[in-house]
Amino acid sequence: MMNLFKKLPFTACLTSIFLLSLAGCNVFVPAEDVQDPRLAQVVAGMDKCLANQTMTNEQLQSQKQLLDQQQQQLAALTQGQAAALEASVDRAAPTPVAPAVAAACYEPDDLASKLVVGELEQVWLQNLNFALPARIDTGAETASLDARNIELFERNGRRWVRFEIVHPGTGESLLLERKLKRMVVIFQSNTAEAERRPVIKLGITIGNISQMAEFSLSNRAHLDYQLLIGRNILQDVMVVDVSKKNIAPYVLPDGDSDGSVAAP
């Protein structure tokens, strides 16, 4: 081979060597880019997520602005109510305490001015000239009188009631007539049915206190006392000491205060 190159001219030798080097080298051909379709799907999913996130951020921002407006409105409303309340308090004049309200808060002087009665007292019945033992009951709203053979009737266009009471000393039945004030419905704890009772007015005296008071009429033969004194008589003038009996002074009135007349 060397002998062959020696025989060839210099230029031919260079040409031959160049051709041989080209023949001995591999020709590099760049490969075409091939894209994976999965990559495109991932990119599309990320774009969608970014778009959703942007929309969510916009909605949150809108809700935040709305909440800020509501809080401002609430603060303004609260301030307005507070200012109105303060103004109304400033304008309000002190309310004087009425004498009746002040009297409800009992002071020692108030108690000293009231008659103290026990759970049992003698009650003088005006125009009848005798007294009946009475049970003092703060739980009863209206006083009650033992009456037998109760009869309603009319006289001169007015309603009256005729009844009998038993004299505590002789046991004799006394017939009385009184104008009917009203009818009252009483519910007893030991009976299921309500009882309608006539109500009359009687003049009575307990201790040094005389008054006209309402009494409901009912047969109290099964009870220990012919007379029951309720709150309508006790209120504002008497104080009850349930641990004692017959402590009110026994004072008789000077004259009759009841204008009704006992029947013969």
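Residues numbered from 1 in each chain as written. Predicted model: local features only at pLDDT ≥ 70, side-chain atom pairs only at ≥ 80, totals over all residues. Heavy atoms only, no water.

Draft legend 1. Just the side chain of Ser-218, in detail. Counting through the fold element by element, Ser-218 comes out in strand 10 (residues 209-218). The residues touching Ser-218, leaving out its near neighbours within four places in the chain, are Ser-144, Leu-145, Asp-146, Ala-147, Ile-150, Glu-195 and Arg-197. (Helix = DSSP H or I, 4+ residues; strand = E, 2+ residues; numbered from the N terminus. Contact = heavy atoms within 4.5 Å.)

Draft legend 2. Representation of the environment of Phe-130 within the structure. On the secondary structure map, Phe-130 appears in strand 3 (residues 130-136). Judged by relative accessible area, Phe-130 falls into the buried class, the value being 6%. Expressed as a C-alpha distance, the spacing of Phe-130 and Leu-252, which sit 122 residues apart in the sequence, is 9.8 Å. (Buried < 20%, exposed > 50% of the residue type's maximum accessible area, 1.4 Å probe, protein only.)

Draft legend 3. Spatial organisation of the sheet that holds strand 7 (residues 173-179). Reading across the sheet, the 3 strands line up as 5-6-7 and stay open at both edges, with antiparallel pairing between neighbours. For this open sheet the edge positions go to strand 5 (148-155) and strand 7, each flanked by a neighbour on one side alone. On average, each strand axis in the sheet is inclined to that of its neighbour by 20°, with strand direction left out of account. By the bridge criterion, 6 bridges tie strand 5 to strand 6 (residues 158-166) in an arrangement that is antiparallel. Opposite Arg-148, over in strand 6, you have Glu-164 as the bridge partner. (Pairing = 2+ DSSP bridges. Axes fitted to C-alpha atoms, helices over the stretch in contact; angles between N-to-C directions.)

Draft legend 4. Geometry of the environment of Asn-219. On the secondary structure map, Asn-219 appears in the loop between strand 10 and strand 11 (227-229). Linking Asn-219 and Arg-148, residues 71 residues apart in sequence, is a C-alpha distance of 5.7 Å. Ignoring sequence-local partners within four residues, the contact set of Asn-219 consists of Asp-146, Ala-147 and Arg-148. Only 3.4 Å separates the side chain of Asn-219 from the side chain of Arg-148, close enough to count as a polar contact. At 2.9 Å, the side chain of Asn-219 forms a polar contact with the backbone nitrogen of Ala-221. (Polar contact = N/O pair within 3.5 Å; in protein donor to acceptor, adjacent residues only side chain to side chain.)

Draft legend 5. Here's a closer look at unusual backbone geometry. Positive phi outside glycine occurs at Asn-149, with the angle close to 50°. For Asn-149, the position within the fold is in strand 5. Despite not being glycine, Asp-236 has its phi angle at roughly 75°, a positive value. Structurally, the position occupied by Asp-236 is in the loop between helix 6 (231-234) and strand 12 (238-241).

Draft legend 6. View of the pairing of strand 3. Of all 7 residues making up strand 3, 5 are buried, and the element is well covered by its neighbours. Pairing between strand 2 (residues 120-125) and strand 3: 6 bridges, direction antiparallel. Residue pairing in the sheet places Val-123 in a bridge with Leu-132 of strand 3. In sequence, strand 2 turns back onto strand 3 through a hairpin of 4 residues, with Asn-127 there showing a positive phi of about 70°. Pairing analysis gives 3 bridges linking strand 3 to strand 11, with the strands arranged parallel. Each residue of the ladder has a partner; that of Ile-136, found in strand 11, is Ile-229.

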